[in-house]
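Given next are the chains, with one letter for each unit.
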Amino acid sequence: MAATTTQDNGGERKRIDKDAPPPLPAPLNVPVADSHTHLDMQGTTVREALDKAAGVGVTTVIQVGCDLAGSRWAAETAAAYGPVWAAVALHPNEAPRIVHGDPDGWSRQGVRVPGGEAALDEALAEIDALAALDQVRGVGETGLDYFRTGPEGMAAQERSFRRHIDIAKRHRKALVIHDRDAHEDVLRVLAEEGAPETVVFHCYSGDAEMAKICAEEGYYLSFAGNVTFKNAQPLRDALAVAPLDRILVETDAPFLTPAPYRGRPNAPYLIPVTLRAMAAVRGLDEDALATAVAANTARAFGY
């Protein structure tokens, strides 16, 4: 039986199927892109997801890989579908699993044995090759994640992150950053290595002060559905001070479904819900924000 919850509805209590897709939002007048999604995790066909998104004005998606299999799939899907562009990488949590193994199978790939640094080098070489493909417009999601990986995995994460920075610079592709509980170190490594021309902080998670630092560096900040959460005022404060020409919108689907649908499956067609909430934070007409976001995403990913 699917999990259910209740929700106020004009003084009544209504049961909601937590596995049920949220309803279609009203279409946007200005087409936009979902700058970060995982179609391979959404339980639908690519065509169905793209058609549903296009119906509400989301006409382009960036499909993001998190490991070798996902990155290969992203590149293949972008080659097969016109509205899709790809980003390829080893997720920050994937690098320690390659080096140290994954005895509990948290990576959803079954039990994995330690491969050491040689295995990480081999995996990074394939990411490098994939990044050369024309349909691949980003190197990511890479970065640092201190939430799921403890001190024993930090060296592998940072080594992988530095290599991804080099790959992005050599292929002149956008660097797509996953930063969780690691703001200072992410900014430090970028400064030490020299950032690529284009840097996108996916699912931006910093505060307004960090947003100002990113703005000074010319980095893009991509906001996901969690900007709508009640406890996310620091994200809204960051959105309020971010330069308009550096703002993107994403789903990170199937994760981070925007309110009032939090906890239900996310998908690119829900971008209008997040974008409208962002427009309210900025005090902008939604068409004006959509116009800016569409131009920013095309510029960042070079399509």
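Anything mentioned here points back to the structure above.
Residues numbered from 1 in each chain as written. Predicted model: local features only at pLDDT ≥ 70, side-chain atom pairs only at ≥ 80, totals over all residues. Heavy atoms only, no water.

**Let's talk about the packing of helix α8 (residues 233–241) against helix α9 (residues 271–282)**
Their axes nearest at 9 Å, the elements α8 and α9 cross at an angle of 70°. One finds that α8 runs roughly perpendicular with respect to α9. Relative to α9, the crossing made by α8 is right-handed. Between α8 and α9, the residues in contact are Arg236, Leu239, Ala240 and Val241 and Met278, Val281 and Arg282, respectively. (Axes fitted to C-alpha atoms, helices over the stretch in contact; angles between N-to-C directions. Helix = DSSP H or I, 4+ residues; strand = E, 2+ residues; numbered from the N terminus. Parallel < 35°, antiparallel > 145°, perpendicular 65-115°, else oblique. Left-handed = near helix turned anticlockwise from the far one by under 90°. Contact = heavy atoms within 4.5 Å.)

**Things to note about the pattern of salt bridges**
Counted by the stated rule, this structure contains 19 salt bridges. Between glutamate 94 and arginine 112 there is a salt bridge, with its nearest N and O atoms 2.7 Å apart. Of the two residues, glutamate 94 is situated in helix α3 (residues 94–100) and arginine 112 in the loop between α3 and α4 (116–131); the sequence distance between them amounts to 18 residues. For the pair formed by glutamate 94 and arginine 112, the shared burial category is buried. Connected via shared salt-bridge partners are Glu158, Arg162, Asp185, Arg188, Glu192 and Glu193. (Salt bridge = Lys/Arg side-chain N within 4 Å of Asp/Glu carboxyl O. Buried < 20%, exposed > 50% of the residue type's maximum accessible area, 1.4 Å probe, protein only.)

**Some remarks on the layout of surface pockets**
In this structure, the largest pocket occupies an estimated 1400 Å³ of space. As for the largest pocket, its lining consists of 48 residues, of which His91, Asn93, Asp145, Arg148 and His178 are closest to the centre. When contributions to the lining of the largest pocket are tallied by element, the ones reaching two or more residues are α3, β6 (136–145), β7 (174–180) and α8. With four residues, the top contributor of residues to the lining of the largest pocket is α3. Considering only residue class, the lining of the largest pocket consists of 14 nonpolar, 18 polar and 16 charged. Size it by volume and the second largest pocket reaches roughly 220 Å³. (1 Å grid on protein atoms, 1.4 Å probe; cavity = no way out; pocket = protein on both sides within 12 Å on 5 of 7 lines; lining within 4 Å. Points joined across faces, edges and corners; volume = space filled by probe spheres on them. Nonpolar A, V, L, I, M, F, W, Y, C, P; charged D, E, K, R; others polar.)

**Observations concerning the environment of glycine 70**
Within the fold, glycine 70 resides in helix α2 (residues 68–80). Overall, glycine 70 belongs to the buried group, its relative accessible area being 8%. Once the C-alpha coordinates of glycine 70 and methionine 278 are considered, the two residues, 208 residues apart in sequence, prove to be 30 Å apart. Leave out the neighbours within four places in its chain, and glycine 70 touches Asp40 and Gly65.

**Quick notes on the nonpolar core**
Formed by 71 residues in total, the largest nonpolar core has its most connected members in Phe161, Leu190, Phe201 and Tyr204. With six residues, the top contributor of residues to this core is α4. Every residue in contact with leucine 190, bar those within four places of it in the chain, is listed here: Phe161, Ile165, Leu175, Ile177, Ala195, Val199, Phe201 and Tyr219. Core analysis: the second largest hydrophobic core is formed by eleven residues, Val64, Ala174, Val176 and Leu248 among them. (Core = buried A, V, L, I, M, F, W, Y, C linked by side-chain atoms within 4.5 Å.)

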